[in-house]
Structures are given as C-alpha cells and as structure tokens.
Amino acid sequence: KGKANSTSTQDLSYNVPQCFSHYRPILRNYQQFLALMFAVREVNKDLVLLPNITLGFHIHDNHKLERRIVICSLSLLSTRDRMVPGYKCDRKDPLLSVIGGLNSRSSRQMASIFSIFKVSQVRGNRRVYPSFFGINPKESAQYEGLVQLLLHFHWNWVGLVTSDNDNGERFLSSLMPMLKEKEICLAFTEMMKSEIAATSDSKLIHIFNTWSKHEVIIMFGDSNIIVNICRIIEVNKMLTNASFLKVWIFTSSWKFNVYSQYLLDFVKPFHGALHFKDHTRDVSEFSHVLLSLDPLNPEGDFFLRIWWEWVFGCSILKPDDIPAKGEKLCTGKENVQNLPTYMFETSMTGESYTIYNAIYAVAYALHSQIYANLLRWWPSHNDRSHWGFQPIAPIPECLFFFQILPYLRNVQFNNSAGEEISFSENGLGSAGYDLLNWVLLPNESFVPMKVGQIDPGSPPGQDFTINSDAIVWPRKVSRKVPFARCGIKRCQAGERRNVPEGKEVCCYQCAPCPEGTVSNQTDAASCDPCPEDQCPNKDNVHCIAKKLHFLAYQDPLGYALVLLALSLAMITLAVLAIFLKHHDTPIVKANNRQLTYILLVSLLLCFLCSFLFIGRPKKFTCLFRQSAFAILFSLVVSSVLAKTVMVVLAFMATKPGNKTRKLLGKPLTNSIILGCPLVQAVLCATWLITSPPFPNWDFHSLVGETILECQEGSVSMFYAVLAYLGVLAFISFTVAFLARKLPDSFNEAKFITFSMLVFCSVWISFLPTYLSTKGKSMVAVEIFSILASGAGLLACIFSPKCYIILLRPHLNSSRAHFREGKLPLESQGCGPDQCSHLFRMKGASLQVNLAFSSSSSSSSSSSRAIR
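Residues numbered from 1 in each chain as written. Predicted model: local features only at pLDDT ≥ 70, side-chain atom pairs only at ≥ 80, totals over all residues. Heavy atoms only, no water.

Looking up the protein chain in an unreviewed UniProt entry gives the name G-protein coupled receptors family 3 profile domain-containing protein, with the organism given as Naja naja. Check the Subcellular location (unreviewed entry) section of the UniProt entry for the protein chain; it says "Cell membrane". Checking UniProt for the protein chain, the heading Sequence similarities (unreviewed entry) contains the comment "Belongs to the G-protein coupled receptor 3 family." (UniProt positions renumbered as here; feature names shortened; annotations may be inferred.)

Okay, structure coming up:
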C-alpha cells in the first residue's frame, strides 16, 4: 500500500502485521511483494520524480475474509490504534493510495469503502467507484482471446470447469454469450467447490467419466480447487492405469502453487496445457534483484527467511539456536534458478508487472500534483530571489485524497521496460495477456513457453496472435491438433451446416448448398446467394459470371434461321426476276403486275427483317424490329386483300345493273395498299412514343444464364399490333374464301384462300408457343413464324404461276387461250367498258383480271372470242 513522508531519507520503510509471523505466504506471491519493494525503491532513488518525498508501504493480509477486508480498509483510514475513519491525525504516514489484491471480490469490497473518502484504489470497479483505477487487464479481453483460441483450432465442443462461487458465476455469465455468438457449445459445465471434503469419491468418478469423453477442458478458478482436480486424476489412474491426457486451457486466475514434493504427480497431467497470463515485459534490474537474494542478509525483508526455508526445505538458525538432529541447514548459497518455474520465476511475472506499473502510476500522479501546486504558488513579480523550488506547504489530508484523483486519471509515462503506460476506463492502456504453453521436459522441469498474445490495443484481426507450430500437445505420438468437435467432420466449401432437430447447434450435419447459393468457407452456417449476374460453379464454392443468353448468329439455331431467311429472300428475288422477265406474258398481265411486284417486294423485306431479331439485342434493333415486322406484314396482307377484292368486284360487275364496275381501277387498289399499313404505322408510332421497347437483362428465368432480350415496353400495344394484323388476315381470308369458286383458269382466289389459311394457322399457333418459351427460343419462334407465314404466301400464290411460266410456257400464250376460248380479257384488248357486252353473254367463259393495269384500257385488237 503506500505512505508519503516529507523527510529526505531514501531508506525503504514498511510495516508488516503481526499475523504474518504465523502465516506462510503463498510461494508465487512472494515475487509480487518483491516487485512492490523494488518499485518503491526505484521511485525513492529518483530525485527528479519525487524530490523530498519518500514512499513507504503497509502490507495487510485479509485472508479473503470479509471481516478482515473491512478491518484492514478502515485501519488504513484511521489514526494508529484507533478505528476512526477519516480523522487521521498522524502526519508521519499519510495514506496516498491503495493497491487492491488480485482477488476481484475483495477489491470490490475495498473499493466500496475507499470510494467514500475519495482514496484512489488501483484495482476495483471504475464504473461503480470513480476512485478506482484498474491495473490488471480487463477480463473481457481474455474472454475474447479464449473464444478466438477455440475458433483458431476449430474447437466447438469443449468442457468447462469453474469454481462454485460468485467469480465462477460471473465468468459463466460473461463467457456464455460470447460462446453462443460463435456457436461454440459446452459439452459439460462443472462448478466445483474449493473444499476437498465437499466432493465425494462417487461424484469424482462420475466427473471423470464425463471428462474422459472430451479432449479440451477450460479451467477457471483459483488454485484451491486444484486438490479436487488431482483427486480426479488419481481416480482415473486407479481405474484405467492410464494418463489423463487432455488439453487444459487455464485462465489468468489460475496459478500453479504447489509444493516441490508433489512436482511429478502434479504436473504430468498438465503437460501441453495452454495458460492465459497477464502480459509482462522484461525488467532486467528486477531479474538481478531476484537472482541476488540472500537470506543471511535480508535487508529488512521479513518474508525472505520464511520463503527461503520453505522453497529449499532447509532451516536458517539464529546465532544462539542449536540445530536439531538431521535438520538441514540453509547455506545461503542455494540457487533460485534451480527452482521450478511453477514455484518461482526469475523474471517479472504478469502480476508483478502490474504492481510495478501501479507504483509508478501513483508516483507520476503525485509528481503532476506537486508541480501543479508549485505553478499555482509561483511568484507573480520579477523578484528573481523567489524563483526556484519552494517547499510545498502541508496539505489537509482530505484535500490530498481528492486532489490526486484527476492526476491519476490522466497519468501517462514510459516505464523502464520501454512500454507506454496510461489509464483508461478499463484499466491500464497497455494491459493484455500472454498465452503460455506448459511443457514437461525430459529432465522433469515444467516450463512455460510463450506461444501467443492478446493485445486489446491492436486493430481488429491483429489483437490475437498465436504460433500454432510452437505448441506442444499432450499426446506426443501425434502432432496433430486435438479434435474437439461434436460433429463427425467439418463441412467443406460448397456445404452448409444442418442441425438435426433436438441436437445442439455444434452437433450439426453437412448438407449441399441450395440451388443458386455458394459457400466458400468451412463450417458455413448458411450459403450465400450469388449476385443477379452470377451463378454458382459446379461445386457451389464460388460465383461465376452467368452466360449471356440470346439468339446469336454463331448458335446452330441462329445459323439455321439465317440460312432459311436468306434462302427465302433469294427465292423471292428469283420469283420477282421471273415476273419482270415475263412481264408481257398473259399470266403476268392477268395477275395485275403492280400488285404482284408490291407483294413480292414486301415479302422480301419481311424475310430480311428477321435479321433484326438475330444477334445481341441493342437499343436500335429493339426499338424497330417489331414495328418493321408489323408494318411490312400489313403491307403484304393488304396487297393480298387488294388482289382478292378486285377479283370479287370484277365478277360482280358482270351482273346487270351492278354499279361495282365504278370501283374497279387504281383508286381502290391504292387505297387498300396505302390505308391498311398506314393504320398499322399509326399504332406502331403510338407504341414507340408512349412505351417503346428497350434492351433488358433477365437474370431469373434461366438457371445459370442471363437472358439479354428486348422488353416490349407496352405489352398491350404489342398485342394490339398483332390483333390488327390478324384482322387484316381474317378479312382477306374471308373474301378469298367467298371468291374461290369463281370460274376462270386465271382466278387466284382459291390460291389466296389456301395461303391465308396457312398464314392464319401459323400466327394462331404462334401465340401460345411464344408465351411458353423464354430467351432465344422465344425469338426463334417469332422468326420462324415470320418466315413460315411469308413462305406460305410465296408458295401458295406464286408457285403455280412460276410452274406455268417456266415449265408449261405453251399455256402462257394468247394463241393457246384463243384455241381454248379462255383468253383473258386483258389479252383481248378490252376492259370493262369496251367489253361489257361480253360480261352479259350467257354461258360465256371469261377470264377476269384481278386488277386492271393502266394498259388494260388500251385497245390493241378488235378480235372477239365467242364460244
């Protein structure tokens, strides 16, 4: 603990309670006392840090008893030999600060008392007690490191042994949520009492049967429950005559405090154990102090003689004492380096390091307070005789307690080990933990090796470091990491965990990732869906870019449609060339050359417009391909309709008194050819203005592929365009069907009827097929419908005529028809006006022009054919 004197002496002074003469200190705690004494001596030697101030300390042992804790705390606040807290009149040893014990429970009880009087306590609960300053690392960092250790080795099925007290319950309540978050399960939880008599042998056998089934056991608690652990190990040895080889994970509260005669039996089961210890640094001067201990010259060290006799098993006699028979005497030359590490370490331990830093933190805080008061009292005038260091006037005790607190909160310094020390809400800013691996060497020495570290101040992901290759595991036969998992195997990439009903989350099974999801981690809780433009690979390990799906020229289907479209276009050109070459023949003249040429050209463009549907959809092609198809096919159907109407009107004109002859001629033909496509063009223009088609990415219709398509924009306008085309086709079919039986060899009505029947059949079957397909198949259906319907018109209307022109040319002459009495009206050189008497002749067999060309009105011959 601490005292401040205003004397200039540099001698170390401390008081030891009388009870210590009858009580042996715990072996390892002796180094903590040496660290306290070493730090106070260093501070007192520093003439700059605390000039004219000497630190001393009192040591009290509370025996972890609540009554003793209260008595010791109140005595520090009172005048000697009087229990009157807060009224300390003895100015020789004013209380400066208190360093709480390593037991958190006793520290909290002390803090509840010292916080009332604003006495700084360097250990306790800062949030509850503002005068507390933690010197130990925050335990949450240790818990996080423990969880990261389990995750590092993929251990998710471990046991937990803790003390049956408040500390054990607090440990469980803090650790359990962290384990649950990381899906780490406890195979068993054993809360053990410290007393050896509290656990029966039958209970120990049951505990052993539980522990023996698991590879990793976490141990939390003080050293008192080690006796029960040893008893369990002894039971195991008696029952199985085998070593209890498990991976033990000890927390920082665990300390190997044992007697040397129990060395071999005690440490063997803990070979390969992992131990979280308070972080420490090497202070070379302190190691020199430990190695130079001399029990014959203790220099006022009350504990040195007791400790030396205990660890070396010898006696140090006073000058007047007579040694007993067989008693081993201490020579003082015993070497502390020969002591086992678990009994005494010749380097500064983590607990000693925190005490060392705590003493310096108090000293630096007092230093800051001294110079703050000095500046406050600094003379304001220019008299240089007053400059320099002035003795500080005595400060009232209660004010002194209050004044040091803000300086202690802001203290910051570099210690002799080169580490920066500062306080935060959670304790020392440099606080951390070292991960040790306890190894039993062949010479039966039990030594810790540092294999990892927890540094809360490091960035996330770097706060826990471990060297797995340096760890020595309990089972020397196999160097593999022990398997501490509930499941039989770990789920690999491309799989996910599946917990059976009624099982712990750690006892999972592996299931393949669902369709459309991937997992590139081991033991993934779930599979992640791929982005829209990506899909899982074959093993569902990672996402790959989806294949673009559209009707390309390189596809077999696209290649076939291109050849078909080109073939039909070439056939149409060939037919057009034939009709142009034989334009003066009767069969060409009888079928109205202008309408024939318009029909052939429009069919040619329809075949060519199918190329707008093939290839990667772009904005231009998407915008105009449906409109081009609709308008061109409207022109085709309008031409066929004009041919059919002219046939009907021509035959109707033969009836007496019928006025339909006035409708025959170019005006009606041009009106049909121009008007019908114009209506379709208006519909298409409205469509393009209001809701035009556009390129679209469809990621969901096909598995593993992205459909690059043209979205129609307004579906209703698309079907309106198709409906109008269907109305034109139905009208043309109806008219042709009514005129199919009109007499004459050149009557086209029956061929038009069949062609429109093919046309309507194709487009009626198109709708359900189009709606039931996706991607390039949908586009292929529309292209095929365009080509099939156009090919039907081309074949049904023009193949008979081409057959006569090319293969039966003798039937395509005026002489042949004159002999047969079937010469067309146009070839006879008369039109409806000149040859009207022929329409009235009973039984006459007449050939009617489908439409009268401009040359039909000229009279080139006056011959008549009457039968």
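Engineer: Please give an account of the packing of helix α4 (residues 139–152) against helix α5 (residues 166–181) that cites residues and values.
Structural biologist: For the pair α4 and α5, the least separation of the axes is 10 Å and the interaxial angle reads 45 degrees. It follows from the interaxial angle that α4 and α5 lie oblique. Our pair here, α4 against α5, has a crossing hand that is right-handed. Judged by residue contacts, E139, S140, Y143, E144, L146, V147 and L150 of α4 engage R170, F171, S174, L175, M178 and L179 from α5. Grouping the amino acids of the contact of α4 with α5 by side-chain chemistry returns 8 nonpolar, 2 polar and 3 charged. (Axes fitted to C-alpha atoms, helices over the stretch in contact; angles between N-to-C directions. Helix = DSSP H or I, 4+ residues; strand = E, 2+ residues; numbered from the N terminus. Parallel < 35°, antiparallel > 145°, perpendicular 65-115°, else oblique. Left-handed = near helix turned anticlockwise from the far one by under 90°. Contact = heavy atoms within 4.5 Å. Nonpolar A, V, L, I, M, F, W, Y, C, P; charged D, E, K, R; others polar.)

Engineer: Before we move on, could you go through the environment of L728 and cite the residues and values that matter?
Structural biologist: If you trace the backbone, L728 turns up in helix α18 (residues 715–738). The spatial distance from the C-alpha of L728 to the C-alpha of C676 is 8.1 Å, given a sequence separation of 52 residues. Discounting residues that sit within four places of it in the chain, L728 has contacts with S634, V637, S638 and C676.

Engineer: Report on unusual backbone geometry, specifying residues and quantitative values.
Structural biologist: With a phi angle near 60 degrees, E183 is a residue other than glycine that sits in the positive phi range. Among the structural elements, E183 can be located in the loop between α5 and β5 (185–192). Of note in this structure, D523 is not a glycine but carries a positive phi near 60 degrees. Here D523 is to be found in the loop between β17 (517–518) and β18 (528–529). Given a relative accessible area of 12%, D523 falls into the buried group. (Buried < 20%, exposed > 50% of the residue type's maximum accessible area, 1.4 Å probe, protein only.)

Engineer: Describe the UniProt feature "transmembrane region" (unreviewed entry) in the protein chain, and please don't skip the residues or the numbers.
Structural biologist: Here, UniProt's "transmembrane region" (unreviewed entry) annotation points to residues 557–580, 595–615, 627–651, 672–690, 717–739, 751–771 and 783–806. This span, residues 717–739, is 96% helix and 0% strand, and a straight line between its end C-alpha atoms measures 33 Å. Measuring from the first to the last C-alpha atom of residues 783–806 gives 31 Å, for a span that is 100% helix and 0% strand.

Engineer: Let's hear about the pairing of strand β12 (residues 433–440): which residues, and what values?
Structural biologist: Judged by how many residues are buried, β12 sits mostly within the fold: 8 of 8 residues are covered. Here β12 shows a buried face lined by Y433, L435, N437 and V439 and a second buried face lined by D434, L436, W438 and L440. Judged from the 5 bridges that link them, strand β8 (residues 274–278) and β12 form a sheet pairing that is antiparallel. Its bridge partner lying in β12, F276 is registered against L435. The sheet contact formed by β12 and strand β13 (residues 446–454) spans 8 bridges and is antiparallel. Counted as the bridge partner of D434 is Q453 from β13. Following β12, the chain reverses through 5 residues before pairing antiparallel with β13; E444 in that reversal takes a positive phi of roughly 65 degrees. (Pairing = 2+ DSSP bridges.)

Engineer: Tell me about a nonpolar patch on the surface, residues and numbers included.
Structural biologist: Residues V601, L605 and L608 make up a contiguous nonpolar surface patch of about 210 Å² in total accessible area. Its location among the elements puts L605 in helix α15 (residues 593–609). A relative accessible area of 38% means that L605 is categorised as partly exposed. (Patch = residues over 30% accessible without salt bridge, like charges linked within 9 Å, V, L, I, M, F, W, Y side chains within 5 Å. Areas by Shrake-Rupley, 256 points an atom, 1.4 Å probe, with all protein chains shown as cover. Salt bridge = Lys/Arg side-chain N within 4 Å of Asp/Glu carboxyl O.)

Engineer: With reference to specific residues and values, describe the sheet that holds strand β22 (residues 694–698).
Structural biologist: Spatial strand order, β21-β23-β22: 3 strands in an open sheet with mixed pairing. Strand pairing shows two members of the sheet lacking a second neighbour, β21 (547–549) and β22, which therefore form its edges. Recorded for the sheet is a direction-independent mean angle of 25 degrees between the axes of neighbouring strands. In this structure, β21 lies alongside strand β23 (residues 705–711), joined through 3 bridges in parallel fashion. Pairing of K547 across the sheet is with E705, part of β23.

Engineer: Residues and numbers for helix α9 (residues 284–291), please.
Structural biologist: Every buried residue of α9 is accounted for by F286, S287 and L290. All buried residues of α9 lie within an arc of 100 degrees about the axis, which places them on one face of the element. Against the buried residues of α9 lie α1 (29–45). (Arc of directions from axis to C-beta.)

Engineer: How would you summarise the nonpolar core if you had to cite specific residues and measurements?
Structural biologist: If you look at the biggest cluster of nonpolar residues, it comprises 80 residues, and the most contacted ones within it are W211, I229, W248, F270, W307 and W308. With 12 residues, the single largest contributor to this core is helix α11 (residues 350–376). In this view, W211 contacts V161, F188, E190, M192, I217, I229, I232, F244, K246 and W248; residues no more than four positions away in its chain are not counted. In this structure, F607, V637, M756 and V781 belong to the second largest nonpolar core, which totals 67 residues. (Core = buried A, V, L, I, M, F, W, Y, C linked by side-chain atoms within 4.5 Å.)

Engineer: Lay out the packing of aromatic side chains in plain terms, naming residues and giving numbers.
Structural biologist: Throughout the structure, instances matching the rule amount to 39 aromatic pairs. Judged by centre distance (5.9 Å) and plane angle (75 degrees), the rings of W155 and W473 are edge-to-face. Of the two residues, W155 is situated in the loop between α4 and β4 (157–163) and W473 in the loop between β14 (464–466) and β15 (495–498); the sequence distance between them amounts to 318 residues. Overall, W155 belongs to the buried group, its relative accessible area being 2%. Look at W473 and you get buried, because its relative accessible area is 7%. (Phe/Tyr/Trp six-rings, centres within 6.5 Å; stacked < 30°, edge-to-face > 60°.)

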